[in-house]
Protein chains: 2
Amino acid sequence: MKLAVLGAGAVGAAVADLAGEYGHEVVALADSSGAAVDDDGIDVAGALERKAGGEPVGSADPATAFESDYDVLVEATPTTLDDAEPGFSHAKRALEADRHVVLANKGPVAERYEELRALEAESAGSIRFEATVGGAIPVLSTIEDCTPEAVTAVRGVLNGTANFILTRMAAEGLDYEHVLAEAQDLGVAEADPTFDVDGTDAALKFVILANVLADGGFSLKDAAVKGIQNIPGSALDLAAEDGRTIRLIGEATRAGVRVGPRLVPENSALAVTGTRNIVELETRHAGSLASSGRGAGGPETATAVLSDVGRLPPLDR
Amino acid sequence: MKLAVLGAGAVGAAVADLAGEYGHEVVALADSSGAAVDDDGIDVAGALERKAGGEPVGSADPATAFESDYDVLVEATPTTLDDAEPGFSHAKRALEADRHVVLANKGPVAERYEELRALEAESAGSIRFEATVGGAIPVLSTIEDCTPEAVTAVRGVLNGTANFILTRMAAEGLDYEHVLAEAQDLGVAEADPTFDVDGTDAALKFVILANVLADGGFSLKDAAVKGIQNIPGSALDLAAEDGRTIRLIGEATRAGVRVGPRLVPENSALAVTGTRNIVELETRHAGSLASSGRGAGGPETATAVLSDVGRLPPLDR
């Protein structure tokens, strides 16, 4: 398939870099600074070098990406809330041109799910968004395969930054601010870590899961969300005396979404450590299925995008 | 899709029972005793009642299942080794008639993989066999999605009977024969538990995984296999003193397959308890992905069969 990749940050760059290995071609790579466009396949290494050197990824206007000969638009621009723009409009434009869209951007899928599905219904193209939930862990394709109706609930740890902080607080007896600073030094937490530590990032993912289970009906404002910013080190010490620890756990059912710190047994599957994520699906006929892995990272998330591309049907163009 | 189900044991019966829920129709259900065949859909409940009452599943000759109007042959007859008959011939007949084949029977996939793939290449039909490895856990579809080339190794616990026995031996300090008898009473181990406790069942699954990674080249005789029959209770006590336990672990890479008891840390992901199974994929770009769940059981395995049916392309008939 020919890919037009919007976004050249960690995820977009990794998708462009790995596309060839999966048998696909990049015909456009664009971000706000510019675009590299070539229907015979762009020079990915050159574009990524320019970007790494602080230059625009290409000399073309970003909008020209939509004029390339693409089969699949990869939407990897930063997640935005509420109207989820410009990501939503990017997806809309591709679907209205009867192309496929694979999203790594959570915004449109969490905040405007029904509208996206309506556009998809009118299009020859399909939407897929494995990369929006759990990075490399194949959550959505697993739900799709066992059919959403057979899944009654999804719960787990879907934010690696918050999980890393809680793991380190428990392991070292350090307080939140101290460990947050450590996480930022390591690149595990961003300069502005708000969405990771206040539960918003995890909530977006569980909202997406609820939308998949219920075929729409949820957006971020419907989620009951509590973060980890106010957990004192003493709470973790107390939990440890009881053989437990604290994790930022989310849960999605057809009834709703909630995210918050919860006590879990230390040896429970949900007590993943470091930046690792875990998802447990409760199913009607197959008990619970648990999948854990790296929930974030450029290459990790790119593998989810490229898995999605591999599951798209050929387009008649 | 219209399904012809061969085998009416725990798996075949569950596939027939759940097919409707997944949107499919059963046009034939057969085992050695007889067949129920109806191109408009058989009376599944009636057939299963007869079977449960010790009667033939239907009055027709079993061979007539192949004359039904099926899209997908579900091969759920008992696993046999070496020539993998009659399962292999069942799959051959369906592929030569340009139909799909979904296998729960490990024999043909472990022992005659290349021949199966050659028949598939000549057929309009495709083969899928998620149910042969890890019951409800979506192992093969996960490997397929990240592309087999991106997976460097698969390891894990894929036999619930052996795992249950080891879990109980460690938990209760009982010896092997005692716990085996308990497992048989509970229906977790069969009257003849040989394939479960000598590692053959696990080895078949890891041979299938090696065949998927390497696109053929392996059969059971290529696996280095050791079972759990000779593990004394004292070995588990000794392990526990060191914070470890023993599990029957298998590993498949492109280089080969081995199955045997191994020491693992008590809190390691591989130390699943009871009859639960776990599979860890090592990937090139996404670190390790671990999936655990129920590795066996009628409904559990049936969900894997029906997931496979859902991933088959439509047939032009």
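To keep things clear, this report deals only with the structure shown in the data block. (Residues numbered from 1 in each chain as written. Chains lettered and ligands numbered in written order. Predicted model: local features only at pLDDT ≥ 70, side-chain atom pairs only at ≥ 80, totals over all residues. Heavy atoms only, no water.)

1. Describing the packing of aromatic side chains
Both the distance between ring centres and the angle between the ring planes are used here to describe each pair of aromatic rings. Rules: Any two of the Phe, Tyr and Trp rings considered here, Trp counted by its six-membered ring, make a pair once their centres fall within 6.5 Å; the pair's planes then place it as stacked at under 30 degrees, edge-to-face at over 60, or tilted in between. Secondary structure counts use DSSP, requiring at least four H or I residues in a row for a helix and at least two E residues in a row for a strand, with both numbered from the N terminus. Whether a residue is buried, partly exposed or exposed follows from its accessible area with a 1.4 Å probe, protein chains only, as a fraction of its type maximum: under 20%, in between, or over 50%, in that order. Only when the NZ atom of a Lys or the CZ atom of an Arg is both within 6 Å of the ring centre and within 35 degrees of the ring normal do we say a charge sits over the ring.
A full pass over the atoms with the stated rule returns 2 aromatic pairs over all chains. Each ring, one from Tyr113(A) and one from Phe129(A), has its centre 6.2 Å from the other, and the planes form 90°; the classification is edge-to-face. Of the two residues, Tyr113(A) sits in helix H5 (residues 113-121) while Phe129(A) sits in the loop between strand E6 (127-128) and helix H6 (139-146), which places them 16 residues apart along the sequence. Taking relative accessible area as the criterion, Tyr113(A) reaches 3% and is therefore assigned buried. Exposure remark for Phe129(A): the relative accessible area of 5% places this residue in the buried category. Seen from the ring of Phe88(A), Arg112(A) lies directly overhead, with NZ or CZ sitting 3.6 Å from the centre. Just above the ring of Tyr70(B) sits the side chain of Arg99(B); from NZ or CZ to the centre is 4.7 Å.

2. Things to note about the nonpolar core
Our working rule: Nonpolar cores were defined as sets of buried Ala, Val, Leu, Ile, Met, Phe, Trp, Tyr and Cys residues, with membership established by side-chain atoms within 4.5 Å.
One finds Ile143(A), Ile165(A), Leu209(A), Ile143(B), Ile165(B) and Leu209(B) to be the most contacted residues of the largest nonpolar core, which totals 142 residues. Ala36(B), Val44(B), Val102(B) and Val309(B) belong to the second-largest nonpolar core, a separate cluster that totals 32 residues.

3. A short note on a negative patch on the surface
This is how the line gets drawn: Patch construction takes residues with relative accessible area above 30% that form no salt bridge. Like charges are linked within 9 Å, and nonpolar side chains (Val, Leu, Ile, Met, Phe, Trp, Tyr) are linked within 5 Å. Only the protein chains shown count as cover for residues, and all accessible areas are computed by the Shrake-Rupley method using a 1.4 Å probe. Salt-bridge detection follows one rule: a side-chain nitrogen of Lys or Arg within 4 Å of a carboxyl oxygen of Asp or Glu. Asp and Glu count as negative and Lys and Arg as positive, but His and the ends of the chain are not part of the count. Here the site of a charge means NZ on Lys, CZ on Arg, CG on Asp, or CD on Glu.
A cluster of acidic side chains, namely Asp17(A), Glu21(A), Glu114(B), Glu149(B) and Asp215(B), defines a negative patch on the protein surface. Examined against the element boundaries, Glu149(B) turns out to sit in the loop between helix H6 (139-146) and strand E7 (151-157). Judged by relative accessible area, Glu149(B) falls into the exposed class, the value being 52%.

4. Section: the packing of helix H3 (residues 87-96) of chain A against H5(A)
Residue and element names in this part refer to chain A. We count it as follows: Think of each axis as a best-fit line through the C-alpha atoms, taken over the contacting stretch in the case of a helix, with angles from 0 to 180 degrees between the N-to-C directions. Comment on the angle field: the value is read as roughly parallel under 35 degrees, roughly antiparallel over 145, roughly perpendicular from 65 to 115, and oblique elsewhere. The hand of a helix crossing depends on one turn: near helix anticlockwise from the far one by less than a right angle means left-handed, and clockwise means right-handed. In what follows, residue pairs with any heavy atoms lying within 4.5 Å of each other are defined as contacts. For this classification, Asp, Glu, Lys and Arg are treated as charged, while Ala, Val, Leu, Ile, Met, Phe, Trp, Tyr, Cys and Pro are nonpolar and the rest, including Gly, are polar.
Where H3 contacts H5, the axes come no closer than 9 Å and their chain directions differ by 15°. By the criterion of interaxial angle, the relationship of H3 to H5 is roughly parallel. Note on packing geometry: the crossing formed by H3 with H5 is left-handed. Between H3 and H5, the residues in contact are Phe-88, Ala-91, Lys-92, Leu-95 and Glu-96 and Glu-115, Leu-116, Leu-119 and Glu-120, respectively. Tallied by class, residues from the contact of H3 with H5 come to 5 nonpolar, no polar and 4 charged.

5. Observations concerning the relation of the copies chain A and chain B
Applicable threshold: A least-squares fit on C-alpha atoms brings the copies together, and the residues used are those whose pLDDT is at least 70 in both copies.
Mapping chain A onto chain B is achieved by rotating through 180° and translating by 0.0 Å along the same axis, at an RMSD of 0.0 Å. Both copies of the chain, as the preceding transformation shows, are related through a two-fold rotation axis. Every residue of chain A has its C-alpha some distance from the rotation axis, and the shortest such distance is that of Ser291(A), at 2.1 Å.

6. Remarks on the packing of helix H7 (residues 160-172) of chain A against helix H8 (residues 176-185) of chain A
All names here are of chain A. Interaxial distance between H7 and H8 falls to 9 Å at its minimum, and their mutual angle equals 125°. As far as their axial angle goes, H8 and H7 are oblique. The handedness of the crossing between H7 and H8 comes out as right-handed. Between H7 and H8, the residues in contact are Phe-164, Ile-165, Arg-168 and Met-169 and Tyr-176, Val-179, Leu-180, Glu-182 and Ala-183, respectively.

7. Looking at the sheet that holds strand E1 (residues 2-6) of chain A
Neighbouring strands of a sheet are bound in pairs by backbone hydrogen bonds; such pairs are parallel or else antiparallel. Residues and elements named next belong to chain A. Threshold: In this scheme, strands are said to pair when DSSP sees at least two bridges between them.
The 6 strands lie next to each other as E3-E2-E1-E4-E5-E6, forming an open sheet whose pairing is mixed. Bordering the open sheet on either side are strand E3 (34-37) and E6, each of which pairs with just one other strand. In this sheet, E3 lies alongside strand E2 (residues 25-31) in antiparallel orientation, the contact comprising 4 bridges. Residue pairing for E3: Leu-29 is matched across the bridge by Ala-36.

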